[in-house]
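Residues per chain, in single letters:
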Amino acid sequence: MQGRSPQPSMELNRLLLLTSFLLHVKEDRASPTRLVCDNRLIQKYIVEAKDMEKRVGQCQALPPLSCPAVLPLVDFTFQQWKSKSNETKRREILCDLALLVGAATAAQGQVSNECGARHLNQLYRQANSFFLLLQTFSWEEGHWEPSCSPHSMEQTHITSIFLTYRQLVQGKLSFFFYDLAKVLCKQGQGDSRDPPCGAQ
């Protein structure tokens, strides 16, 4: 049976990228150095986040959410970011991702629009993959516990979930991987990653 649209090949590429992501996590559970050191991977996820945000904005007749999505406030200043330890950054991003995963899950239960539901499912999978990945990094003993400060906002527009996710991946997450690369990628590889846009 022929496919109904040219979308399958693009979806297959995304599935392969996600599989590669998860394989990195499984193969290098304690220290997924290859993922951090390969700048191309995080750049692909930034492009994907932008693409999802654009595509969900093109969905027809997306109604507002009856129960507002609780989203993290992901804005930050570079000076504040530099002053934090890697563990503090990791926990902050985990809190942001936990809220995003929860918002995507709640929105999925309210959206019947096929286009919106498809992109919400994709966002949920990617945000949850990052959430699981960041739990493999830790500079302190013990498991991560969701003791997050309430830096959040409520939004009824589905597109706000995608905007927040894109800002998180392009901002805090990209900078965090850059910071990790300075520590993990020096041995044998040199510090080969370019800084995120805006880093001095």
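Definitions and limits used
- Residues numbered from 1 in each chain as written.
- Predicted model: local features only at pLDDT ≥ 70, side-chain atom pairs only at ≥ 80, totals over all residues.
- Heavy atoms only, no water.
- Helix = DSSP H or I, 4+ residues; strand = E, 2+ residues; numbered from the N terminus.
- Buried < 20%, exposed > 50% of the residue type's maximum accessible area, 1.4 Å probe, protein only.
- Contact = heavy atoms within 4.5 Å.
- Areas by Shrake-Rupley, 256 points an atom, 1.4 Å probe, with all protein chains shown as cover.
- Disulfide = S-S within 2.5 Å.
- Phe/Tyr/Trp six-rings, centres within 6.5 Å; stacked < 30°, edge-to-face > 60°.
- Axes fitted to C-alpha atoms, helices over the stretch in contact; angles between N-to-C directions.
- Parallel < 35°, antiparallel > 145°, perpendicular 65-115°, else oblique.
- Left-handed = near helix turned anticlockwise from the far one by under 90°.
- Salt bridge = Lys/Arg side-chain N within 4 Å of Asp/Glu carboxyl O.
- Expected span 1.5 Å × (residues − 1).
- Core = buried A, V, L, I, M, F, W, Y, C linked by side-chain atoms within 4.5 Å.

**Overview of the overall build of the protein chain**
Next up, step 1: The secondary structure content of the protein chain amounts to eight helices and two strands.
Next up, step 2: Put simply, the protein chain runs from its N terminus to its C terminus through helices and strands in the order α-α-α-β-α-α-α-β-α-α.
Next up, step 3: Every one of the 200 residues in the protein chain was classed for burial, and the buried ones make up 40%.
Next up, step 4: Counting contacts in the protein chain only where the partners sit at least 6 residues apart, residues at least 24 apart contribute 84% of the total.
Next up, step 5: Surface exposure of the protein chain reaches about 11200 Å², of which carbon and sulfur atoms provide 53%.

**Let's talk about the state of the cysteines**
Next up, step 1: Tallying each qualifying case throughout the model produces two disulfides.
Next up, step 2: Cys37 shares a disulfide with Cys185; S-S distance 1.9 Å. A torsion of -105° about the S-S bond marks the disulfide between Cys37 and Cys185 as left-handed. Linking Cys37 in helix α2 (residues 33–37) with Cys185 in the loop between α7 (158–184) and α8 (186–189), this pair joins segments that are 148 residues apart in sequence.
Next up, step 3: You can call Cys185 buried: its relative accessible area is 2%.
Next up, step 4: With a sulfur-sulfur separation of 1.9 Å, Cys59 is cross-linked through a disulfide to Cys115. Its S-S torsion of approximately -65° makes the covalent link between Cys59 and Cys115 left-handed. With Cys59 in the loop between α3 (39–57) and β1 (69–72) and Cys115 in helix α6 (residues 114–134), this residue pair connects regions lying 56 residues apart in the sequence.

**Re the packing of aromatic side chains**
Next up, step 1: Here the structure, examined in full by the defined rule, presents six aromatic pairs.
Next up, step 2: The interplanar angle of 50° and the centroid separation of 5.6 Å between the aromatic rings of Phe78 and Phe175 together place this pair among those described as tilted. Note that Phe78 is positioned in helix α4 (residues 78–82) and Phe175 in helix α7, a separation of 97 residues in sequence.
Next up, step 3: Owing to a relative accessible area of 24%, Phe78 belongs among the partly exposed residues under this scheme.
Next up, step 4: Taken together, Tyr45, Phe130, Phe176 and Phe177 form an aromatic cluster joined through their ring pairs.

**Things to note about the packing of helix α5 (residues 86–108) against α7**
Next up, step 1: Relative orientation of the contacting elements α5 and α7 amounts to 155°, with a least axis distance of 11 Å. Here α5 lies roughly antiparallel to α7, going by the angle between them. Handedness of the α5/α7 crossing: left-handed. Contacts from Asn86, Lys89, Arg90, Glu92, Ile93, Asp96, Leu97, Leu100, Ala103 and Ala107 in α5 reach Ile161, Thr164, Tyr165, Leu168, Lys172, Leu173, Phe176, Asp179, Leu180 and Val183 in α7.

**Observations regarding the pattern of salt bridges**
Next up, step 1: Under the criterion given, the structure shown has 10 salt bridges.
Next up, step 2: Residues joined in a network through salt bridges with shared partners are Lys84, Glu92, Asp96 and Lys172.

**Focus: α3**
Next up, step 1: With 19 residues, α3 should cover 27 Å at 1.5 Å per step; its first-to-last C-alpha distance of 28 Å lies within 8% of that length.
Next up, step 2: Looking at α3, one finds that the buried residues are Asn39, Leu41, Ile42, Tyr45, Ile46, Glu48, Ala49, Met52 and Val56.

**Section: the nonpolar core**
Next up, step 1: Counting residues in hydrophobic clusters, the biggest one holds 45 residues, and the most contacted among them are Phe130, Leu134, Ile161 and Tyr165.
Next up, step 2: Elements represented by at least two residues in this core include exactly α2, α3, β1, α5, α6 and α7.
Next up, step 3: Per-element accounting of this core gives the leading share, 12 residues, to α7.

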